[in-house]
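Report on the structure
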Amino acid sequence: MVFQERTYSVLIVTASDSFVRSVMPLLPVTDYWPVTTARSVGEARRRIVETDFDIVLINAPLPDDFGMRLAIDICTNSGAGVLLMVKNDLFNDIYAKVVGYGVITLSKPTNLQIVAQNLRILCATRERMRQMEAKQATVEEKIEEIRLVNRAKWLLIECLSMTEPEAHRYIEKQSMDERISKRGVAENIIKTYK
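For every chain, the first residue of its written sequence is number 1, and the numbers climb from 1 along that sequence. Reporting in this predicted model follows two pLDDT cut-offs: at least 70 for local features of residues, and 80 or more for side-chain atom pairs to be given and counted; totals over whole chains, interfaces and linings ignore these cut-offs and use all residues. The side-chain quantities take in all heavy atoms of the structure and omit both hydrogens and water.

Quick word on the pairing of strand E3 (residues 55–59)
Quick note on the threshold: The cut-offs for exposure are 20% and 50% of the maximum accessible area for each residue type, with area from a 1.4 Å probe on protein chains only; residues under the lower value are buried, those over the upper are exposed, and the others partly exposed. Each helix corresponds to a stretch of at least 4 residues labelled H or I by DSSP, and each strand to a stretch of at least 2 residues labelled E; elements are numbered beginning at the N terminus. Following DSSP output, two strands are said to pair if at least two bridges run between them. With the strands pointing away from the viewer, any crossover whose connection runs clockwise from the first strand over the helix to the second is right-handed.
Of all five residues making up E3, five are buried, and the element is well covered by its neighbours. Pairing analysis gives four bridges linking strand E1 (residues 8–13) to E3, with the strands arranged parallel. Note on E3: the bridge partner recorded for valine 10 is isoleucine 55. Sheet topology places E3 next to strand E4 (residues 81–87); five bridges connect them, and they run parallel. In the strand pairing of E4, leucine 57 is matched with leucine 83. One crossover worth recording links E3 to the parallel E4 by way of helix H3 (residues 68–77), and it is right-handed.

Quick look at the structure:
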């Protein structure tokens, strides 16, 4: 892969040591780090609680469950990309059940080139998810700022008998005069009048 600042954390979920040995050469530490393994669905769930992973490779079936529900849960509850590998005779059925959740499915046996390409797709997908998460965080921060400013306005209206436009103007003016955000002004007003 091309030089990059970011590395992708990987969880490999498989009961097969030979699967781990065959996949590890596709995961150079310059691009994928740390790489963690789990031998069962239960162990994978424990690891996911402890750590946020960027990519999860599941080699189904697993000793305690097939792995399909795990793949769906990961895609539903996190931003991780999931590659579920299933036997060729089960591929169409499993694919139909998981594709709607964003799980990438590969039939096995497969060659390492296809696995490597899918890992790159998962990296690109993870970057897109990061951008969406950042945008969502920005929107949530703006919503919280609006709530705080509105709360401060109502305190000014109640405590200082200002009108809504006067309270709004007061907050804006304080923000400019003190060179702090409207959120900072609102927080100061809330501390003062609450």
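Brief notes about the side chain of aspartate 54
Counted only if it meets this: Any N or O atom pair separated by 3.5 Å or less is treated as a polar contact, with the protein-specific requirement of one donor-capable and one acceptor-capable atom, and with residues adjacent in sequence counted only for side-chain atom pairs.
Mapped onto the fold, aspartate 54 is located in the loop between helix H2 (41–50) and E3. At 2.8 Å, the side chain of aspartate 54 and the side chain of arginine 130 are in polar contact.

A word on the packing of helix H5 (residues 112–160) against helix H6 (residues 164–178)
Let me state the cut-off plainly: Axis definition: a line fit to C-alpha positions, over the contact stretch in the case of helices; interaxial angles, taken between N-to-C directions, run 0 to 180 degrees. Note on angle classes: values under 35 degrees are labelled roughly parallel, values over 145 roughly antiparallel, values of 65 to 115 roughly perpendicular, and the remainder oblique. Here is the rule for handedness: rotate from the far helix to the near one, and if that takes an anticlockwise turn smaller than a right angle the crossing is left-handed, while a clockwise turn gives right-handed. Any two residues whose heavy atoms approach within 4.5 Å are treated as being in contact. Side-chain classes follow a simple rule in which Ala, Val, Leu, Ile, Met, Phe, Trp, Tyr, Cys and Pro form the nonpolar group, Asp, Glu, Lys and Arg form the charged group, and the remainder, Gly included, forms the polar group.
Axis separation between H5 and H6 bottoms out at 9 Å; the angle between their running directions is 120°. As far as their axial angle goes, H6 and H5 are oblique. As for the relative orientation of H5 and H6, their crossing is right-handed in sense. Residue-level contacts link Val149, Ala152, Lys153, Leu156 and Ile157 of H5 to Glu164, Ala167, His168, Tyr170 and Ile171 of H6. For the contact of H5 with H6, the per-class residue count stands at seven nonpolar, one polar and two charged.

Some words on the pattern of salt bridges
In plain terms, the rule: Any carboxyl oxygen of Asp or Glu within 4 Å of a side-chain nitrogen of Lys or Arg constitutes a salt bridge here.
One pass over the structure, following the stated rule, counts 14 salt bridges. With a closest N to O distance of 2.8 Å, aspartate 54 and arginine 130 form a salt bridge. Taken together, the residues span a long stretch of sequence, with aspartate 54 in the loop between H2 and E3 and arginine 130 in helix H5 at a distance of 76 residues. For the residue pair aspartate 54 and arginine 130, the accessibility class agrees, reading buried in each case. In this structure, aspartate 93 and lysine 97 form a salt bridge, with 3.4 Å as the shortest nitrogen-oxygen distance. Of the two residues, aspartate 93 and lysine 97 both sit in helix H4 (residues 91–98), four residues apart, roughly one turn of that helix.

Considering unusual backbone geometry
Look at the link from tryptophan 33 to proline 34: it is a cis peptide, with omega at -10°. Within the secondary structure layout, proline 34 lies in strand E2 (residues 32–38). The step from lysine 108 to proline 109 runs through a cis peptide bond, and the omega angle for that step is 10°. Turning to its location among the elements, proline 109 is positioned in the loop between strand E5 (104–108) and H5. Within the chain, serine 161 stands out as a residue other than glycine whose phi angle is a positive 55°. For arginine 179, which is not glycine, the phi torsion reads 55° and is therefore positive.

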